[in-house]
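# A structural walkthrough
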Amino acid sequence: MTGTAVPPPPPSVLTLVRGRADRLRNLMRGLARQTLRPRELVIAWMQLDPAPDLPDPGCPVRHLHVPGEPMPLAAARNRAAAAACGDLLVFLDVDCIPGPTLVAAYANADAAERGLFLGEVLYLPPDAIVGGPAPDPAALDRLGRAHPARPPLPETGLRREPDAGQLWGLSFALPAEAWHAVGGMDERYVGYGGEETDLAARLAGSGLPTFWVAGARAYHQHHPVHVPPLQHFAPILANATRFHARHGRWCMTYWLEQFRAAGLIAWDAEAAAIRVLRQPSAPEIAAALRPQALFS
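Residues numbered from 1 in each chain as written. Predicted model: local features only at pLDDT ≥ 70, side-chain atom pairs only at ≥ 80, totals over all residues. Heavy atoms only, no water.

## Considering the overall build of the protein chain
Helix and strand counts for the protein chain stand at nine helices and 16 strands. Taking 19 Å as the expected radius of gyration for a compact globule of 296 residues, we find that the protein chain reaches 19 Å, a close match to that expectation. In terms of its C-alpha atoms, the protein chain occupies a principal-axis envelope of roughly 70 × 45 × 35 Å. Residues counted as buried form 51% of the 296 residues belonging to the protein chain. Contacts in the protein chain between residues far apart in sequence, at least 24 positions, make up 74% of those at least 6 positions apart. Carbon and sulfur atoms form 55% of the exposed surface of the protein chain, whose accessible area is close to 13500 Å². Averaged over its 27 positive side-chain charges, the protein chain has a centre that lies 2 Å from the centre of its 28 negative ones. (Helix = DSSP H or I, 4+ residues; strand = E, 2+ residues; numbered from the N terminus. Rg over C-alpha atoms; globule rule 2.2 N^0.38 Å. Buried < 20%, exposed > 50% of the residue type's maximum accessible area, 1.4 Å probe, protein only. Contact = heavy atoms within 4.5 Å. Areas by Shrake-Rupley, 256 points an atom, 1.4 Å probe, with all protein chains shown as cover. Lys, Arg positive; Asp, Glu negative; His and termini not counted. Charge placed at Lys NZ, Arg CZ, Asp CG, Glu CD.)

## Overview of the sheet that holds strand β3 (residues 61-65)
Spatially, β3-β2-β1-β4-β10-β6-β11-β9 is the arrangement adopted by the eight strands of the open sheet, whose pairing is mixed. Of all strands in the sheet, those with a lone pairing partner are β3 and β9 (158-161), marking the two edges. In this sheet, adjacent strand axes meet at a mean angle of 25 degrees when their direction is disregarded. Direction of pairing for strand β4 (residues 88-92) relative to strand β10 (residues 171-175): antiparallel, over a ladder of five bridges. Across the sheet, the residue bridging to V90 is A173, located in β10. (Pairing = 2+ DSSP bridges. Axes fitted to C-alpha atoms, helices over the stretch in contact; angles between N-to-C directions.)

## Overview of the sheet that holds strand β5 (residues 96-98)
The strand order across the open sheet formed by four strands is β5-β12-β7-β8, and the pairing between neighbours is mixed. The sheet is open, and its two borders are formed by β5 and β8 (145-146), each paired with just one other strand.

## Quick notes on the packing of helix α7 (residues 233-247) against helix α8 (residues 253-261)
Interhelical geometry of α7 versus α8 gives an angle of 125 degrees and a closest axis separation of 11 Å. For the element pair α7 / α8, the angle class is oblique. The chirality of how α7 crosses α8 is left-handed. Residues F233, I236, L237 and A240 of α7 form the contact with α8, whose participating residues are W255, L256 and F259. (Parallel < 35°, antiparallel > 145°, perpendicular 65-115°, else oblique. Left-handed = near helix turned anticlockwise from the far one by under 90°.)

## Let's talk about the packing of aromatic side chains
The final tally for this structure, using the stated rule, is six aromatic pairs. Note on F91 and F172: the rings are 4.8 Å apart at their centroids and 10 degrees apart in plane angle, and the pair reads as stacked. On the criterion of sequence distance, the pair formed by F91 in strand β4 and F172 in strand β10 is long-range, its members being 81 residues apart. Classification of F91 as buried rests on a relative accessible area of 2%. Judged by its relative accessible area of 0%, F172 is buried. Each ring, one from W250 and one from W267, has its centre 6.2 Å from the other, and the planes form 85 degrees; the classification is edge-to-face. Here W250, found in the loop between α7 and α8, pairs with W267, found in the loop between β14 (265-266) and β15 (275-276); they are 17 residues apart in sequence, far enough to count as distant. Judged by relative accessible area, which is 8%, W250 ranks as buried. Judged by its relative accessible area of 7%, W267 falls in the buried class. Site record: aromatic cluster; members linked through ring pairs are F91, F172 and W179. Its guanidinium or amino end placed over the ring of W168, R150 lies 3.6 Å from that ring's centre, counting from NZ or CZ. The ring of F211 is capped by R160, whose NZ or CZ atom sits 5.8 Å from the centre of that ring. (Phe/Tyr/Trp six-rings, centres within 6.5 Å; stacked < 30°, edge-to-face > 60°. Lys NZ or Arg CZ within 6 Å of the ring centre and 35° of its normal.)

In structure tokens, the structure reads:
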């Protein structure tokens, strides 16, 4: 007699929120369509009160309050991970709508290998969602665009990724014990940038391999971006410097190169430090805003 395949245990899904309640509602509606229901959704609120009128994501919801200014991104992820019950943690940015097989794909990956798992994210144009719930996944597939810096994903299963620095915080998963073994995210990274790359480097140093996962697709809901992100100039420099002090190399080099090209810093990849030549002006920051751009 042939046995019935046992589905993998469901993971916890974790997200961080400040504002963007409309984005969160679409994320939760996406979870309600999953082929494998999550064990729970843990929401770390970086604001005083949860948003009202949240939809049913098809699983229990746990709410946490994580105060701090600027946004305590590393601390919020740590609090969410500490509260989660699942053996597998799926981190999903509040701007992301999970495709219907995302939870199952990450769970199947975890059943096959022990690793840091990365999923595909398609970026939606500004007019993809105009009020109300997001369109169905087939429509989102037609509208979404892959980031040009991301490699193509495998059609099935997993593909080993030699560079753990491919981790971006929009969508990734890993065993809870691997997260806790390296101490989660370093909360000394304050403001924008660096904490995810630092986590990836420490996970790789612990021996945890990185994989791309077929079927773990999410859709990034559009918001305006700055190119380059001059509004985060000071924290990017501070966090890049902290990363260099720990790992002996620079992160966020793409943005550092853009800052250098704008005459803001003296720096190159072999430099021991970043020298600030001048601060970006308010007009420069305003001019860097690209309302229609999909990628920063």
